[in-house]
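Summary of structural features
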Amino acid sequence: MFRHPQADAPVEGHELGRKLGLSRRQLLAATTGMAAAAGVAASTLKPGRAAAAEGVPLIRDSKRGIILFTVRDAISRNPLTSDLPSGFREVFKALSDIGYERVEFAGYTQNANAEGGANLGTVAGAELLRKWLDDNGLRAEGNHGFIPASWPLTQADLDRFKAALEISNILGMDHMGTGSDPTSSNYKADWDVAAAKWNALGEIARSSGYVKLYTHNHDAAYNFLLDSGPLDEQGRPTRSSGVRKLEYFLGITDPKFVNLEMDIFWAHVAQYKFTTYTAPDGSTQTNVFNPLALVQAQEGRYPLFHAKDGASNTSTANGYDMVPFGTGAIDYTGFFRGLTSGHHYPMYEQDNAPGNATTAPNQSLEYAKISYDNMAALRA
C-alpha cells in the first residue's frame, strides 16, 4: 500500500533534519533564523493577540492546514494569462512558502492549461499530485469528494466510491469525506437511514486501507431533531425531544467507522440561530448550542476542523460574516484550549476568500498568509 510518511517524521532529503528529529518546517526555521516568523504584524491580529506571541502554540506547525476550496481561484487560474500562482503545482508551492504543511482537497480539477491538465481525479493524476505534495513538504489530510447517493448502494456507486478511496490512498490521506450533511431531513427516520448508510460506507473505507470517513456539517445539522409529539398528515413527528440532529447521528453511528469534521464557523452560526425548540408537550424550551462541548464529549471522532472565522453581524440571518482566520469574533483560543488532544488538524477555510480577478487577483493567497500567521500566533 502506497502510504505517506508519518506526520511528524523528518522529511526525506533533509539529512540534518533526520539527525535532529526535526520536521521540514522546523529545520527551515532552525537553519534560516525564521523561528520568529510565527509572530505576525499587529495589523493582522485581533486586538491584544500580539502580546500572546510567547508560549506553547495551540496548533503545532505540523497540524496547520488549509482546504483548497479557499484558494480555488488560484487553482483554476489560467497560467497562460497570469503570472500569479496557478494550478495545483504552483499553489502547493505558494502554500508551502507561507508555512502550511497540510492540505484538504475539494476535488481534483484545475485549469486545463495548468501542468497535468484539467482533471487529476485519476490514478495517474493522483500520482502526479502526490509528487507535487511531496516536493513541497505537504501532506494531504482529506478531500470533500464522492459519497454515494444511493442506498442500498448501486454497483456503479460502489465502484466509484472504491475508486475515490484508491485515489485517497495514493495521495496518502488518512481521511476522506464530504462537504454535505448525512441528510438534509429534520426527521428521525431519515437520520436512522443515514446512519446505517454511513456505518456501511465507513467500514468499506477502513477496509480499503487507512482511510477514515468523515462528514463535514453546516448549521442545519445542529438544528433540533423532529422525533416526538403529534404527527402531521404524512405521519411525521412535529416536535422535538431536544436532541440535535448531529448529536443523534453521533449516538447511533459506529466510532470506528464514522468521523466528523466540525466547521467551527457553521457551528457558531447554529449557536446563534437554533436556540429554542417545541417540546412534546407543546411548550417552548431554550437550549443554546455549545460547539466545544459537543467535541469534548467525543473528541476522538473529530480528526479535522474547518478553522473558519466570523465577524459578528446580527443584521444577517447567520449572525456572522466570513473573514480571515484570527480577524473575527469566534474565540479560537478558548476553543483549542478546551481540547485535551493535539491530534486534530484545523484547516483554514474562507468561502469568500477569492477577490475580484482584476482588482484583487491574489486575495485568496494573501488571506491564506494572514490566516496562517494568526493560527501560528495562538498560544496556550
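Relevant structure appears above.
A few points on the structure.

Rules used in this analysis
- Each chain has its residues counted from 1, running along the sequence as written.
- Note on the predicted model: pLDDT of at least 70 is required for a residue's local features to be given, and 80 or more for side-chain atom pairs to be given and counted; whole-chain, interface and lining totals, by contrast, use all residues.
- The side-chain figures draw on all heavy atoms in the structure; neither hydrogens nor water molecules are used.
- Axis definition: a line fitted to C-alpha atoms, over the contacting stretch in the case of helices. Angles run 0 to 180 degrees between N-to-C directions.
- Under the DSSP-based scheme used, a helix requires at least four consecutive residues in state H or I and a strand at least two consecutive residues in state E, with every element numbered from the N terminus.
- By the definition adopted for this analysis, an angle is roughly parallel if under 35 degrees, roughly antiparallel if over 145, roughly perpendicular if from 65 to 115, and oblique otherwise.
- Take the far helix as the reference: if the near one is turned anticlockwise from it by less than a right angle, the crossing is left-handed, and if turned clockwise, right-handed.
- Any two residues whose heavy atoms approach within 4.5 Å at even a single point are treated as in contact.
- Gly counts as polar in this scheme, as do all residues outside two lists: the nonpolar Ala, Val, Leu, Ile, Met, Phe, Trp, Tyr, Cys and Pro, and the charged Asp, Glu, Lys and Arg.
- Nine residue types can take part in a nonpolar core, namely buried Ala, Val, Leu, Ile, Met, Phe, Trp, Tyr and Cys, and a core is a set of them joined through side-chain atoms within 4.5 Å.
- Partly exposed residues are those whose accessible area sits between 20% and 50% of the maximum for their type, while under 20% is buried and over 50% is exposed, using a 1.4 Å probe and protein chains only.
- Multiplying 1.5 Å by the helix residue count minus one yields the expected span of that helix.
- For two strands to pair, DSSP has to find at least two bridges joining them.
- Any carboxyl oxygen of Asp or Glu within 4 Å of a side-chain nitrogen of Lys or Arg constitutes a salt bridge here.
- With strands facing away from the observer, any crossover in which the path from the first strand over the helix to the second runs clockwise is taken as right-handed.

Close contact between helix α4 (residues 87-98) and helix α12 (residues 363-377) brings their axes to 10 Å; oriented N to C, the two are set at 30°. In terms of axis orientation, α4 runs roughly parallel to α12. Where α4 crosses over α12, the handedness of that crossing is right-handed. Where α4 approaches α12, its residues Ala94, Leu95 and Ile98 are matched on the opposing element by Leu365, Ala368, Lys369 and Tyr372. Across the contact of α4 with α12, the residue classes break down as six nonpolar, no polar and one charged.

What follows concerns the nonpolar core. Counting residues in each nonpolar core, the largest one holds 85 residues, and the members touching the most others are Leu95, Phe105, Leu171, Met262 and Phe336. With near-sequence residues (within four places) excluded, Leu95 lies in contact with Ile66, Leu68, Tyr100, Val103, Leu365 and Ala368.

Looking along the chain, the bond that leaves Trp151 and enters Pro152 is cis, with omega of 0°. The residue Pro152 is located in the loop between β3 (139-143) and α6 (155-171) in this model.

This next bit is on α4. Turn by turn, an α-helix covers 3.6 residues, leaving residues three or four places apart pointing in a common direction. Compared with an ideal rise of 1.5 Å per residue, which puts twelve residues at 16 Å, α4 spans 17 Å between its outermost C-alpha atoms and is within 8% of the ideal. Those residues of α4 not exposed but buried are Gly87, Phe88, Val91, Phe92, Ala94, Leu95, Ser96 and Ile98.

Moving on, we get to the sheet that holds strand β1 (residues 65-67). Taken in spatial order, the eight strands of this open sheet run β3-β2-β1-β14-β11-β8-β5-β4, and their pairing is parallel. In the strand order of this sheet, the two ends are held by β3 and β4 (175-178), each with one partner. Direction aside, the axes of adjacent strands within the sheet are offset by 30° on average. Bridging between β1 and strand β2 (residues 102-105) involves three bridges; their strand directions are parallel. Bridge pairing in β2 places Ile67 opposite Glu104.

This part covers the pattern of salt bridges. A full pass over the atoms with the stated rule returns 15 salt bridges. With a closest N to O distance of 2.9 Å, Lys131 and Asp135 form a salt bridge. With a gap of four residues between them, Lys131 and Asp135 both fall in helix α5 (residues 123-135), about one helical turn apart. Connected through shared salt-bridge partners, Arg102, Arg139, Glu141 and Asp174 make up one network.

Of all six residues in strand β5 (residues 212-217), five are buried, a share of seventy percent or more. As defined by bridge partners, β4 adjoins β5 across four bridges and the pair is classed as parallel. Residue pairing in the sheet places Thr178 in a bridge with Thr215 of β5. In this fold, the crossover linking β4 to β5 by way of helix α7 (residues 188-207) has right-handed handedness. Across five bridges, the pairing between β5 and strand β8 (residues 258-263) is parallel. What sits directly across from His216, in β8, is Glu261.

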